[in-house]
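Chain by chain, the residues:
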Amino acid sequence: MQLYYHPLYSDLILAERHRFPIQKYKLLKTEIENLGVSAIHFQEPKKVTVSQLALCHSQRYIDDFLNGTLGDKAIKKMGFPYSQQLVERTLLSIGGSIQAAEAAFSHDLTFNLSGGYHHSHSDFGSGFCIFNDLAIAAAHLINTEQADTVLIFDCDVHQGDGTAQITQNHNQIITCSIHCEQNFPRNKQESTYDFALPAKTADDEYLATLKQALDFCVRIHNPDIILYNAGADIYTKDELGLFNISLNGVYERDLFVLNFCKQHQTPLMCALGGGYQRNLSSLINVHKQLFKAAIDL
């Protein structure tokens with residue numbers, strides 16, 4: 001197992017009541033270390049390159065973000081105040097997902113302690129997602145001939161609308177989104193496969209859908225690698241969630257995905273995805289289920 005992390009993941013100055021829990025990355029790393037994962041498993045990411053960003057994003061949008069020439073509306077839609085600190089954090093975070101995806105071929109199971117920025121479209125950011133790390137990682141693996149087929153398996157509670165839009169004409173990237181039908185975004189995009197579940201969906205229905213969806217995608221497409229968005233916002237106490245998934249349900253989800261990939265000898269890269277409890281210790285505990293599952297494999 002290999003994990004990618006940089007202190008800048010949590011180094012962003014936000015307003016006191018800002019909705020994004022920016023401190024979760026730093027706190028989660030400490031909790032993972034407390035689980036017994038030693039320092040040798042952690043790697044520092046390098047920044048994504050402009051040419052890698054351009055695999056999935058328009059040059060104008062890339063330039064506007066890097067040069068600080070985004071309009072006020074675009075910045076508001078993105079969800080973060082613009083700063084050079086945000087630029088540095090974003091480039092490292094996207095780079096972490098690309099490098100974790102590459103490393104999965106030699107380490108089988110890898111993690112970026114960030115990522116899952118699936119609301120980012122080709123020419124704008126949205127919902128705390130600036131550039132779409134998993135789409136970029138998938139396109140990079142294909143572009144460099146490290147993979148022929150990549151499955152992006154998105155289990156965040158919100159639909160991966162940006163991922164669907166970016167990859168709609170890329171038949172080597174398969175997208176599967178299991179999400180809450182009534183939740184953000186209001187206007188859904190068309191993934192390769194969408195499993196839209198109703199609000200208040202509980203463990204049994206959710207896990208049955210998950211198992212059928214993953215088995216189907218792998219059987220039909222035989223991906224060379226799976227990029228997994230392990231959103232913690234499916235949890236019943238998540239303030240932006242709407243599902244009724246227990247903590248054990250989150251653990252069972254993550255354990256199934258990890259074990260499935262192990263049994264099928266499919267490299268797996270995991271990104272954290274969303275999680276929006278203001279109680280940070282409770283939020284960290286939900287994200288931590290992914291790493292408990294990895295240790296229990």
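See the structure printed just above.
This section reports on the structure supplied with the text. The numbering scheme is per chain: residues are counted from 1 as the chain's sequence reads. Predicted model: local features are reported for residues with pLDDT of at least 70 only, side-chain atom pairs are reported and counted for 80 or more only, and whole-chain, interface and lining totals are derived from all residues. Side-chain descriptors were evaluated using all non-hydrogen atoms of the structure, hydrogens and water having been removed beforehand.

1. Structural notes on the overall build of the protein chain
Scanning the protein chain from N- to C-terminus turns up ten helices and eight strands. Here the protein chain has a C-alpha radius of gyration of 17 Å; the compact-globule value for 297 residues is 19 Å, and the two agree. The C-alpha extent of the protein chain, read off along each of the three principal axes, is 45 × 40 × 40 Å. Throughout this description, buried means an accessible area under 20% of the type-specific maximum (1.4 Å probe, protein chains only), exposed means over 50%, and partly exposed covers the range between. Per-residue burial for the protein chain yields a buried fraction of 59% across its 297 residues. Of the contacts made within the protein chain by residues no fewer than 6 positions apart, 74% connect residues no fewer than 24 positions apart. A 1.4 Å probe and the Shrake-Rupley method give the accessible areas. Residues count as covered only by the protein chains that appear here. Summing over all exposed atoms, the protein chain offers an accessible surface of approximately 12200 Å²; the carbon and sulfur share of this is 47%. Helical segments are the DSSP runs of H or I of at least four residues, strand segments are the runs of E of at least two, and each set is numbered from the N terminus. Put simply, the radius of gyration uses C-alpha atoms, and a globule should come to 2.2 Å times the residue count raised to 0.38. We call two residues contacting when some pair of their heavy atoms lies within 4.5 Å.

2. Details of the packing of aromatic side chains
Within 6.5 Å between ring centres, the rings of Phe, Tyr and Trp (the latter by its six-membered ring) count as paired, and their orientation is classed by plane angle as stacked under 30 degrees, edge-to-face over 60, tilted in between. In this structure the tally under the stated criterion is 16 aromatic pairs. Aromatic rings pair up to connect Tyr-5, Tyr-9, Phe-20, Tyr-25, Phe-80, Phe-128 and Tyr-276 into one cluster. Both a distance and an angle decide whether a charge sits over a ring: NZ of Lys or CZ of Arg must be within 6 Å of the ring centre and within 35 degrees of the ring normal. Over the aromatic face of Phe-42 sits the side chain of Lys-29, whose NZ or CZ is 4.8 Å from the ring centroid.

3. Thoughts on the pairing of strand E3 (residues 109–112)
Side chains of E3 alternate between two faces, with Leu-109 and Phe-111 and Thr-110 and Asn-112 buried alike. If DSSP finds at least two bridges between two strands, the strands pair. Where strand E1 (residues 2–4) and E3 come together, three bridges link them in parallel fashion. Its bridge partner lying in E3, Leu-3 is registered against Phe-111. Pairing of E3 with strand E8 (residues 268–271) involves four bridges; the strand directions are parallel. Pairing of Asn-112 across the sheet is with Ala-271, part of E8.

4. Some points on the pairing of strand E7 (residues 225–229)
When you tally the buried positions in E7, you get five out of five residues, the bulk of the element. Neither face of E7 is exposed, since Ile-225, Leu-227 and Asn-229 on one face and Ile-226 and Tyr-228 on the opposite face are all buried. Here strand E4 (residues 150–154) pairs with E7 via five bridges, running parallel. Bridge pairing in E7 places Ile-152 opposite Leu-227. Bridging between E7 and E8 involves four bridges; their strand directions are parallel. Its bridge partner lying in E8, Ile-226 is registered against Leu-268. Classification remark: right-handed applies to a crossover when, strands pointing away from the viewer, the course from the first strand over the helix to the second runs clockwise. Considered for its hand, the β-α-β crossover made up of E7, helix H9 (residues 247–263) and E8 is right-handed.

5. Thoughts on the nonpolar core
Counting residues in hydrophobic clusters, the biggest one holds 101 residues, and the most contacted among them are Phe-153, Leu-227 and Tyr-228. Take this core: its biggest share by element is ten residues, from helix H5 (residues 84–107). In this structure Phe-153 touches Cys-176, Ile-178, Leu-210, Ala-213, Leu-214, Ile-226, Leu-227, Tyr-228, Asn-229 and Val-257, once residues within four positions along its chain are discounted. Take the buried residues of types Ala, Val, Leu, Ile, Met, Phe, Trp, Tyr and Cys, join any two whose side-chain atoms come within 4.5 Å, and each joined set is a nonpolar core.

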